[in-house]
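# Understanding the architecture of this molecule
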Amino acid sequence: MAQTFETVGVVGLGTMGAGIAEVFARSGRRVIGVEADDVALERGRGHLERSTGRAVAKGKLTEDAQREILGRVTLTTSRADLADADLVIEAIPEIMEFKRVLFADLDRVCKPSAVLATNTSSLSVTAIAAGTSRPGRVIGMHFFNPAPVMKLVEVIHTVVTDDGLADDIAALARSLGKTPITAGDRAGFVVNRLLLGYLNHACVLLEAGVAGRDDIDAAMKLGVGLPMGPFTLLDLIGLDTSYEVCEVLFRETRDRRHAPAPVLRELVTAGLLGRKTGRGFYSYGEVAPATPEARQAASVSTVGIVGGGPEAATLATAVERAGFKPVVAESADLTPVGDADVVLALSDRPVVELAVRLPHPERLAGLHLVGDGVAEVASTVLTSPETTAAVHDLVQILDRTPVMCGDRAEFVVNALLYAYLNDAVRMLESGYASAGDIDTGMRLGCGYPAGPLEMLDAIGLEAVRDGLRALYAEYREPAFAPVPLLDQLVTAGVRSIREYAG
Ligand SMILES: NC(=O)c1ccc[n+]([C@@H]2O[C@H](COP(=O)([O-])OP(=O)(O)OC[C@H]3O[C@@H](n4cnc5c(N)ncnc54)[C@H](O)[C@@H]3O)[C@@H](O)[C@H]2O)c1
């Protein structure tokens, strides 16, 4: 029979612990909140009162209900008060030594049947469990910030967790109104592991000069439909936290993809930690520069388009409607566009090899249309600044946001997206989280419109596999090589990874 948890201890009532205590008290359970000393205890009480007070002010909670919730929470500085708890969740600072000392103590104080859970974001649950006499009853229960609002809970089991315990904790999370996902004990679990790999990759592209901060942010926000671009999100998470999580990931994976980008270290060393210090990748409190009006691409009358199929035809129609003369050519024969004022090569792969076949290579730029609102504009080493400026304006006239970038494989969007999707397939292949849980994790943990495996199915397995091959061929980065599972599914003609994985 599933274990029920009627009395729950929460150790550490800071940002996370106070929220977790509130969640349990709201579910009708008795909560014992433990802090290090009286000052911290009062601070914890303040967190709880303010958070529930805000809910009352918004009309989401009555004053009576608030009183009942707070009445269920006993606050103490004595761990001995946890003797009767069925479950204790630890939310003290992210320092292994502190956690190990605490768990040894909890092991001594709590009844043998009690489950000890950690809210750690990045430390090894296995290492925490190993310091107790009951490693089978130690588990990760990772809430997201703010705990009362965020629906996701990652339940982390280790190789020695008792059978059935992860299911019981997942059922408990559901009874709190949360959506649990279950994963093995790997650095970063599901969400941080996938998220930080992608965010760090954005820093690497920035540093390599493939595109600028605003262009990369616009590409991912407007092109992919993510709630915000990677640099805005890094500033929100905090660059110090992001740096630390990358370090933890790298220590475990030894994958260069997780090695914190030097720009992160530099900003952290300079004390520019993001929103919390007023400056990170962006400066806060400054007036944002006005978006320049689209200058007429004055000197342009003929627009060459290289590409076949409906995309080239649609672009030609749009160009014509905007008052320019389109000329279309297939890449096999570029003669028709030889004299065009600018030449747009529809591609997401490097286009410089097309440029060198033109009489005016400086007039060619790569153009990759992303969704309905974005166009990546790739300038080659031969593209003139006049062409880059004219194509930028032309894209705005066509009612798209231009994302200016270098002539690199997969430009910006696909480079970031496909590598992230590959990471998700790798996670699935390694068997440590299910397809459904990976997708749910990224949807609920990051507010993404779809999970990575859902995105992969929507884009097409073959397109992503081929894009990854192109990325690997260009950067020789092992993490970009398509994961064998993806490659084999394409070879076998399987069209949906979600269907394959169930
Ligand atoms: N902040 C986040 O966004 C977030 C999200 C998910 C998980 N986490 C994880 O949750 C844990 C706590 O993070 P936080 O942001 O709430 O930290 P925090 O600094 O806000 O709170 C930690 C609290 O623990 C108390 N504390 C320290 N030592 C203690 C002890 N020995 N006994 C009792 N209380 C003690 C402190 O007084 C403080 O109130 C960390 O493991 C962190 O990685 C944080």
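Residues numbered from 1 in each chain as written. Predicted model: local features only at pLDDT ≥ 70, side-chain atom pairs only at ≥ 80, totals over all residues. Heavy atoms only, no water.

The name that an unreviewed UniProt entry assigns to the protein is 3-hydroxybutyryl-CoA dehydrogenase, with the source organism given as Microtetraspora malaysiensis. Among the UniProt annotations of the protein, the heading Pathway (unreviewed entry) holds the following wording: "Lipid metabolism; butanoate metabolism." Under the UniProt heading Sequence similarities (unreviewed entry), the note attached to the protein is "Belongs to the 3-hydroxyacyl-CoA dehydrogenase family." (UniProt positions renumbered as here; feature names shortened; annotations may be inferred.)

Our focus in this paragraph is the overall build of the protein. Across its full length, the protein carries 20 helices and 14 strands. In terms of overall dimensions, the protein has C-alpha extents of about 85 × 50 × 40 Å along its principal axes. Counting over 502 residues, the protein shows a buried share of 55%. Pairs at least 24 residues apart make up 68% of the contacts formed inside the protein by residues separated by at least 6 positions. Summed over its atoms, the accessible surface of the protein is roughly 21,400 Å², and 52% of this surface lies on carbon and sulfur atoms. (Helix = DSSP H or I, 4+ residues; strand = E, 2+ residues; numbered from the N terminus. Buried < 20%, exposed > 50% of the residue type's maximum accessible area, 1.4 Å probe, protein only. Contact = heavy atoms within 4.5 Å. Areas by Shrake-Rupley, 256 points an atom, 1.4 Å probe, with all protein chains shown as cover.)

Note: strands within a sheet are paired through backbone hydrogen bonds, in either parallel or antiparallel orientation. Spatially, β10-β9-β11-β12-β13-β14 is the arrangement adopted by the six strands of the open sheet, whose pairing is mixed. Strand pairing shows two members of the sheet lacking a second neighbour, β10 (325–329) and β14 (401–406), which therefore form its edges. For this sheet, the mean inter-axis angle between neighbouring strands, taken without regard to orientation, is 30°. (Pairing = 2+ DSSP bridges. Axes fitted to C-alpha atoms, helices over the stretch in contact; angles between N-to-C directions.)

The eight strands are arranged β3-β2-β1-β4-β5-β6-β7-β8 in an open sheet whose pairing can be described as mixed. With partners counted over all chains shown, the strands left at the sheet margins are β3 (73–76) and β8 (179–183), one partner each. Averaged over all pairs of adjacent strands, the angle between their axes in this sheet comes to 25°, without regard to strand direction. Across four bridges, strand β4 (residues 87–90) lies against strand β5 (residues 115–118) in parallel orientation.

Inspection of the region around the ligand gives 23 residues, with Thr-15, Met-16, Glu-35, Glu-94 and Lys-99 positioned closest. The side chain of Glu-35 places a nitrogen or oxygen atom 2.5 Å from an oxygen atom of the ligand. At 3.1 Å, a side-chain N or O of Arg-79 approaches a nitrogen atom of the ligand. Of all the elements in the fold, those that place two or more residues in the shell around the ligand are α1 (15–26), α2 (38–57) and β6 (138–143). (Near = heavy atom within 4 Å. Polar contact = N/O pair within 3.5 Å; in protein donor to acceptor, adjacent residues only side chain to side chain.)

Attention now goes to a positive patch on the surface. Taken together, the side chains of Arg-50, Arg-54, Lys-58 and Lys-60 present a region of like positive charge at the surface. Mapped onto the secondary structure, Arg-54 falls in helix α2. (Patch = residues over 30% accessible without salt bridge, like charges linked within 9 Å, V, L, I, M, F, W, Y side chains within 5 Å. Salt bridge = Lys/Arg side-chain N within 4 Å of Asp/Glu carboxyl O. Lys, Arg positive; Asp, Glu negative; His and termini not counted. Charge placed at Lys NZ, Arg CZ, Asp CG, Glu CD.)

To continue, consider the UniProt feature "domain: 3-hydroxyacyl-CoA dehydrogenase NAD binding" (unreviewed entry) in the protein. In the UniProt entry, the feature "domain: 3-hydroxyacyl-CoA dehydrogenase NAD binding" (unreviewed entry) is given for residues 7–185. Across residues 7–185, the secondary structure splits into 40% helix and 21% strand, with the terminal C-alpha atoms separated by 26 Å.

This next bit is on the UniProt feature "domain: 3-hydroxyacyl-CoA dehydrogenase C-terminal" (unreviewed entry) in the protein. Taking the numbering used here, the UniProt-annotated feature "domain: 3-hydroxyacyl-CoA dehydrogenase C-terminal" (unreviewed entry) corresponds to residues 188–284 and 411–493. Here residues 188–284 runs as 61% helix and 0% strand, with 29 Å between its end C-alpha atoms. The span residues 411–493 shows a helical share of 72% and a strand share of 0%, and its end C-alpha atoms are spaced 27 Å apart.

With that settled, consider the pattern of salt bridges. Two side chains with opposite charge may pair up if their charged atoms get near one another. The tally for this structure, following the rule as stated, stands at 26 salt bridges. The shortest N-O distance in the salt bridge between Arg-26 and Glu-22 comes to 2.9 Å. Within this pair, Arg-26 and its partner Glu-22 are both found in helix α1, separated by four residues, close to a single helical turn. According to the relative accessible area criterion, Arg-26 is partly exposed, its value standing at 38%. Where Lys-276 meets Asp-240, a salt bridge forms, and the shortest distance between an N and an O atom there is 2.9 Å. Placement of Lys-276 in the loop between α11 (262–269) and β9 (302–306) and of Asp-240 in helix α10 (residues 239–253) is noted, with a sequence separation of 36 residues between them. Lys-276 sits in the exposed class, given a relative accessible area of 53%.

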